[in-house]
Amino acid sequence: MRLFTRWMRLQIRLLKPFVTGMDIEACRKSQDRLGAMGARILSEHVHAEDAGVPGVTTAWLSPTPEKTRGSRAILYLHGGGYTAGNLEYAKGFGSILCNMTQQEVLCAAYRLAPETPFPGALEDALAAYRAMLCLYAPENISLVGESAGGGLCFALALRLKELALPQPCCIVALSPWTDLTMTSESVKNNQKRDPCLSAALLDGYAEMYAQEDRRNPLVSPLFGALEGLPPSAIFVGTHEVLLDDSTVMAERLREAGVKCELHVARGMWHVYPLYGVREARMALRRIHAFIDEHTKDGPAHDAQQSEE
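Structural notes, computed from the coordinates.

Let us look at unusual backbone geometry. Look at the link from Ala113 to Pro114: it is a cis peptide, with omega at 5°. Its place among the elements puts Pro114 in the loop between strand 4 (104-109) and helix 4 (120-133). Residue Pro119 is reached from Phe118 by a cis peptide bond, and omega for that bond is 10°. On the secondary structure map, Pro119 appears in the loop between strand 4 and helix 4. One non-glycine residue, Tyr82, lies in positive phi territory at about 65°.

Written out as structure tokens, the structure is:
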């Protein structure tokens, strides 16, 4: 692991006791400030405007202030354990996606637990996707999410299947939280290795969001009938408590006949593609290529597994 990556990991680990000890409001404020900083960095290259989705706080991010829309777009669902993350936070990584892909990005700041438990976040994600279907062909819509937002992407795809609505062209999930029962082997084995998260912290979030319904596939898509879901790319680090949420999800998607790339980065932490390390830049390039490959007018390549 390179020196800068080691330094970044150390900084994250030093913050872990403070993060795990914060109350919800402090966590929300801290996360939102980080997102706002990220959005400001790209503010000259990304234009933001209200999306006007009824009942959902949303914004369109565009690579140009002109009104002409492209033919492809991304629905971005942010992380935060279903308990944190507002629109300013969502604009942070949303701006990176917009600038990188030169596609419009719809950022959806879904309602948060504990004020609004399940199915609030899923209902808002569905409303945002329905709004996109009024503007874009489904084969040109990609779903992207990290952490809870990554799990929500798969839950949304399962809900679309229930409603017989068209699936998006692909899903990109960064360290997705797909099993809120918190019973996987990596939850126990990676407690000391994970510089970001703890099982106790996530268990508290899961209780706020899902209460006694944690095995519901629309909460924990790992337990869903995954046949018919879109091609997926999953990115995860070896040092995450949620490592198995990615690796087992990828295995079950493939068993269900769904094409799935699994990118496992050695020594990396939760949602590592959001950080400015070499491994993150590699992941972002692959995310860009994957979206291009699976949208209607992009080149097609066979999905494959890589270990970075």
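To continue, consider the packing of helix 4 against helix 5 (residues 148-162). Remark: helix 4 packs on helix 5, axes separated minimally by 10 Å, with the N-to-C direction vectors making an angle of 70°. Accordingly, the angle class assigned to the pair helix 4 and helix 5 is roughly perpendicular. Seen from above, helix 4 lies across helix 5 with right-handed handedness. Contacts between helix 4 and helix 5 pair Ala121, Leu122, Ala125, Leu126 and Tyr129 from the former with Leu152, Ala155, Leu156, Arg159 and Leu160 from the latter. Partitioned by chemical class, the residues of the contact of helix 4 with helix 5 number 9 nonpolar, no polar and 1 charged.

Two faces, one strand: in a regular strand the side chains alternate between the faces of the sheet. Burial runs high along strand 7 (residues 232-237): 6 of the 6 residues are buried. Of the two faces of strand 7, the one carrying Ser232, Ile234 and Val236 and the one carrying Ala233, Phe235 and Gly237 are both buried. Across 6 bridges, strand 7 lies against strand 8 (residues 260-265) in parallel orientation. Bridge pairing in strand 8 places Phe235 opposite His263. For the segment spanning strand 7, helix 8 (residues 243-255) and strand 8, crossover handedness is right-handed.

Further remarks concern the packing of aromatic side chains. Applying the stated criterion across every chain, the model contains 7 aromatic pairs. A ring pair is formed by Trp60 and Tyr136, whose centres lie 6.0 Å apart and whose planes are at 50°; its orientation type is tilted. On the criterion of sequence distance, the pair formed by Trp60 in strand 2 (residues 57-62) and Tyr136 in the loop between helix 4 and strand 5 (141-146) is long-range, its members being 76 residues apart. Each member of the pair, Trp60 as well as Tyr136, is classed as buried.

Below, the discussion takes up the environment of Thr181. Residue placement: Thr181 occurs in the loop between strand 6 (170-174) and helix 6 (185-189). Given the relative accessible area of 15%, Thr181 is considered buried. Separated by 34 residues in sequence, Thr181 and Arg215 place their C-alpha atoms 6.6 Å apart. If we skip the residues at most four places from it in the chain, Thr181 touches Arg214, Arg215, Ser220 and Phe223. Looking at Thr181, its side chain comes within polar contact range of the side chain of Asp179, at 2.5 Å. Engagement of the side chain of Thr181 in a polar contact is seen with the side chain of Thr183, the distance being 2.9 Å.

Pairing between side chains becomes possible if they bear opposite charge and their charged atoms approach one another. Applying the stated criterion across every chain yields a total of 13 salt bridges. Across the pair Arg111 and Asp124 runs a salt bridge whose closest N-O atoms are separated by 3.0 Å. One end of the pair, Arg111, is in the loop between strand 4 and helix 4; the other, Asp124, is in helix 4, and 13 residues separate them in sequence. For Arg111, a relative accessible area of 35% gives the class partly exposed.

Thresholds applied
Residues numbered from 1 in each chain as written. Predicted model: local features only at pLDDT ≥ 70, side-chain atom pairs only at ≥ 80, totals over all residues. Heavy atoms only, no water. Helix = DSSP H or I, 4+ residues; strand = E, 2+ residues; numbered from the N terminus. Axes fitted to C-alpha atoms, helices over the stretch in contact; angles between N-to-C directions. Parallel < 35°, antiparallel > 145°, perpendicular 65-115°, else oblique. Left-handed = near helix turned anticlockwise from the far one by under 90°. Contact = heavy atoms within 4.5 Å. Nonpolar A, V, L, I, M, F, W, Y, C, P; charged D, E, K, R; others polar. Buried < 20%, exposed > 50% of the residue type's maximum accessible area, 1.4 Å probe, protein only. Pairing = 2+ DSSP bridges. Right-handed = clockwise from strand over helix to strand, strands pointing away. Phe/Tyr/Trp six-rings, centres within 6.5 Å; stacked < 30°, edge-to-face > 60°. Polar contact = N/O pair within 3.5 Å; in protein donor to acceptor, adjacent residues only side chain to side chain. Salt bridge = Lys/Arg side-chain N within 4 Å of Asp/Glu carboxyl O.

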